[in-house]
Amino acid sequence: MKEITLNLRARAMELLAGGRVDLVIGYGTGSLPEFVRPVFVDRPERAEELIFNPLCAQNLTKYILDYRDQPGRVAVVVKGCDSRSINQMMADGQLDREKVFLLGINCPGLADPVLLSVAAGRRDWQVEAEPEGFRLRWPGGERLLPRDEFLMYRCRTCEHHNPVVSDVLLGDPILQGETPDRFAEVRRIESLTPEERAAYWDALFARCLRCYACRNACPACTCRECIFDRPEPEWVARVVAPQSNLAYHLVRAMHVAGRCVDCGECDRVCPVAIPLREINRKILKELAVLFGAPTPGTSHPAPEPLATFAVTDPEVWL
Amino acid sequence: MLFQRLLEYVGVAPERLQVRWISGSEGQKFAAAVGELAARLQNLKPDARLRDEP
């Protein structure tokens, strides 16, 4: 992965120096060992700030939307999962492909920051991905952690290690084996009784702080005025209560239905660890069952079952 | 249909949702559809999760 970082810096420098882009959005070192932060590189000499390591989890594509109406062009670092958002933004008419330069990274899978932190047991480590696992290094020591145990939860069911859309690709292409079953947890929840399902979700939604991090991080949430922010009419009550939390989560999921690319950002950013992705995945599963639809963003253009009518559509309510 | 399945997934009785295409000139059809839904809801217990007030 060192090599990816070096290539990334070289590419960024070249793009900025040549005036081909005005800004490079990528990952930089964070203030704690287990976190990286987004960096916005606007000069060639700042390209040194860019890194890529197994902690680079953020889907940076959402930041592009802040620059799409400005003159110039923005480069952004995308992993396989993030690249689906680019396709979906184009399908939604949110993004002009000419406005972005995609620095694609063939990503073998990221490490879970919390597990790494616990395994390290100290505050001065760094991590590198190696074929056998994740190597932790600290002054005077190191440890190799098995990949299977420390792989980030969302990377365990990765559909695209290699970006589906990009302008350059960094790192060796990764053989995409059979994707493990993404819907195992959805099926487990479905197998519960209605009362158990209600209790399961009520307990989770009761934790919700209504911080709207899931909405803000979501690359499919692109409305300038969100219904959850509108004071009048107040479609969903802002009070933190079981009823309004349930309504919020159902509405949020339906608003991204058919456009959710399953990048897992909502799930990752949730401060109270509500498994939001299992709600979105229920929808993805039903889209596959009802319309045979693949994960949105897999290709562009792609069929959009919820935005088009076909006489063959299943219909139980006419 | 998707929303109904989602409701079922979070433990809300799917019978609570009904969608029908009814034109403004089809008053009787509308009345019948609402009557049918109301009759179906009579058989269900109240669901506190769907009330406005906590």
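Preceding this paragraph is the structure being described.
Residues numbered from 1 in each chain as written. Chains lettered and ligands numbered in written order. Predicted model: local features only at pLDDT ≥ 70, side-chain atom pairs only at ≥ 80, totals over all residues. Heavy atoms only, no water.

Visitor: Where do I start with the overall build of chain B in this structure?
Guide: Scanning chain B for helices and strands turns up 2 helices and 0 strands. Against the 2.2 N^0.38 benchmark of 10 Å for 54 residues, chain B shows a C-alpha radius of gyration of 13 Å, more extended than a compact globule. Across its three principal axes, chain B shows a C-alpha extent of roughly 35 × 25 × 20 Å. Counting all 54 residues of chain B, 24% fall into the buried class. (Helix = DSSP H or I, 4+ residues; strand = E, 2+ residues; numbered from the N terminus. Rg over C-alpha atoms; globule rule 2.2 N^0.38 Å. Buried < 20%, exposed > 50% of the residue type's maximum accessible area, 1.4 Å probe, protein only.)

Visitor: Even after reading the chapter, I still don't get the side chain of Gln18 of chain B, so can you show me in this structure?
Guide: Residues and elements named next belong to chain B. Mapped onto the secondary structure, Gln18 falls in the loop between α1 (2-9) and α2 (27-42). In terms of polar contacts, Gln18 uses its side chain to reach the backbone carbonyl oxygen of Ala33, at 3.3 Å. For Gln18, the side chain forms a polar contact with the side chain of Arg40, separated by 2.3 Å. Leaving out residues up to four positions away in the same chain, Gln18 has contacts with Ala33, Glu36, Leu37 and Arg40. (Polar contact = N/O pair within 3.5 Å; in protein donor to acceptor, adjacent residues only side chain to side chain. Contact = heavy atoms within 4.5 Å.)

Visitor: How do you make sense of the packing of aromatic side chains when you look at a structure like this?
Guide: Inspection of every chain in the model, using the stated rule, returns 8 aromatic pairs over all chains. Here Trp201 of chain A and Tyr9 of chain B contribute two aromatic rings whose centre-to-centre distance is 5.7 Å and whose plane-to-plane angle is 50°, an arrangement assigned as tilted. In this pair, Trp201 of chain A sits in helix α7 (residues 194-205) while Tyr9 of chain B sits in helix α1, so the two residues belong to two different chains. Across this residue pair, the class does not change: Trp201 of chain A and Tyr9 of chain B are buried. Taken together, a centroid distance of 4.6 Å and an interplanar angle of 70° make the contact between Phe228 of chain A and Tyr248 of chain A edge-to-face. Of this pair, Phe228 of chain A sits in the loop between α8 (213-217) and α9 (242-255) while Tyr248 of chain A sits in helix α9; the two residues are 20 residues apart in sequence, bridging distant segments of the chain. Chaining the aromatic ring pairs together yields one cluster made of Tyr200, Trp201 and Phe205 of chain A together with Tyr9 of chain B. Of note, Arg188 of chain A hangs over the ring of Tyr200 of chain A, and the distance from its end group to the ring centre comes to 5.5 Å. (Phe/Tyr/Trp six-rings, centres within 6.5 Å; stacked < 30°, edge-to-face > 60°. Lys NZ or Arg CZ within 6 Å of the ring centre and 35° of its normal.)

Visitor: Please explain the sheet that holds strand β5 (residues 126-130) of chain A as it appears in this structure.
Guide: Hydrogen bonds between backbone groups are what pair the strands of a sheet, and the pairing can be parallel or antiparallel. All names here are of chain A. Read from one edge of the open sheet, 3 strands run β5-β6-β7, paired in antiparallel fashion. Each having just a single partner strand, β5 and β7 (141-146) make up the two edges of the open sheet. Ignoring strand direction, the axes of neighbouring strands in this sheet form an average angle of 25°. Examined bridge by bridge, strand β6 (residues 133-138) and β7 share 6 bridges and lie antiparallel to one another. (Pairing = 2+ DSSP bridges. Axes fitted to C-alpha atoms, helices over the stretch in contact; angles between N-to-C directions.)

Visitor: Can you help me understand the environment of Leu6 of chain B in this one?
Guide: On the secondary structure map, Leu6 of chain B appears in helix α1. Taking the relative accessible area as the measure of exposure, Leu6 of chain B reaches 0% and is therefore buried. Each C-alpha atom of the pair Leu6 of chain B and Glu36 of chain B lies 22 Å from the other, and the pair is 30 residues apart in sequence. Discounting chain neighbours no more than four positions away, the residues touching Leu6 of chain B are Leu250, Ala253, Met254, Ile279, Lys282 and Ile283 of chain A.

Visitor: Looking at this structure, how should I read the side chain of Arg197 of chain A?
Guide: Within the secondary structure, Arg197 of chain A sits in helix α7. Of the side chains bearing the opposite charge, Glu8 of chain B lies closest to the buried Arg197 of chain A, which forms no salt bridge; the N-O distance is 4.7 Å. In terms of polar contacts, Arg197 of chain A uses its side chain to reach the backbone carbonyl oxygen of Glu190 of chain A, at 3.1 Å. (Lys, Arg positive; Asp, Glu negative; His and termini not counted. Salt bridge = Lys/Arg side-chain N within 4 Å of Asp/Glu carboxyl O.)

Visitor: What's the story with the pattern of salt bridges in this structure? I'm lost.
Guide: Side-chain pairs of opposite charge can arise where the charged atoms are in close proximity. Residues and elements named next belong to chain A. Under the defined criterion, the tally for this structure stands at 34 salt bridges over all chains. Among the ionic pairs, Glu130 bridges to Arg135, the shortest N-O distance being 2.8 Å. Note on Arg135: relative accessible area 16%, which makes it buried. With its nearest N and O atoms 2.7 Å apart, the salt bridge here joins Glu265 to Arg268. You can see Glu265 and its partner Arg268 sitting in helix α10 (residues 265-269), 3 residues apart, about one turn around the helix. For Glu265, a relative accessible area of 3% translates into the label buried. Connected via shared salt-bridge partners are Asp42, Arg43, Glu45, Arg46 and Glu49.

Visitor: Which parts of the structure should I look at to understand the interface of chain A and chain B?
Guide: In many reports, interface size means the accessible area that the parts give up when they come together. Listed per partner, the contact involves 29 residues of chain A and 22 residues of chain B. Here chain A and chain B share an interface that buries about 2300 Å² over both sides, 73% of which is from carbon and sulfur atoms. Applying the counting rule to chain A against chain B returns 2 salt bridges. Arg5 of chain B is the partner of Glu286 of chain A in a salt bridge, and the nearest nitrogen-oxygen pair spans 2.5 Å. Applying the counting criterion to the chain A and chain B interface returns 6 residue pairs in polar contact (both at pLDDT 80 or more). Of all the elements in the fold, those that place two or more residues in the side of chain A that touches chain B are α6 (184-190), α7, α9 and α11 (277-291) of chain A. Here the element with the most residues in the side of chain A that touches chain B is α11 of chain A; it accounts for 8 residues. Of the residues in the side of chain A that touches chain B, the class split is 22 nonpolar, 1 polar and 6 charged. (Buried area = accessible area lost by both parts, 1.4 Å probe. Nonpolar A, V, L, I, M, F, W, Y, C, P; charged D, E, K, R; others polar.)

Visitor: Just checking my understanding: could you explain the pairing of strand β3 (residues 74-78) of chain A for this structure?
Guide: Taken residue by residue, a regular strand's side chains alternate between the two faces of the sheet. Residue and element names in this part refer to chain A. In terms of residue burial, β3 counts as a mostly covered element, since 5 of its 5 residues are buried. Taking every second residue as pointing to the same face, both faces of β3 are buried, with Val74, Val76 and Val78 on one and Ala75 and Val77 on the other. Where strand β1 (residues 23-29) lies against β3, 3 bridges are found, and the strand directions are parallel. Note on β3: the bridge partner recorded for Val24 is Ala75. For the segment spanning β3, helix α3 (residues 80-91) and strand β4 (residues 100-105), crossover handedness is right-handed. (Right-handed = clockwise from strand over helix to strand, strands pointing away.)

In short, the description is geometric, and any link to function would need to be established separately.
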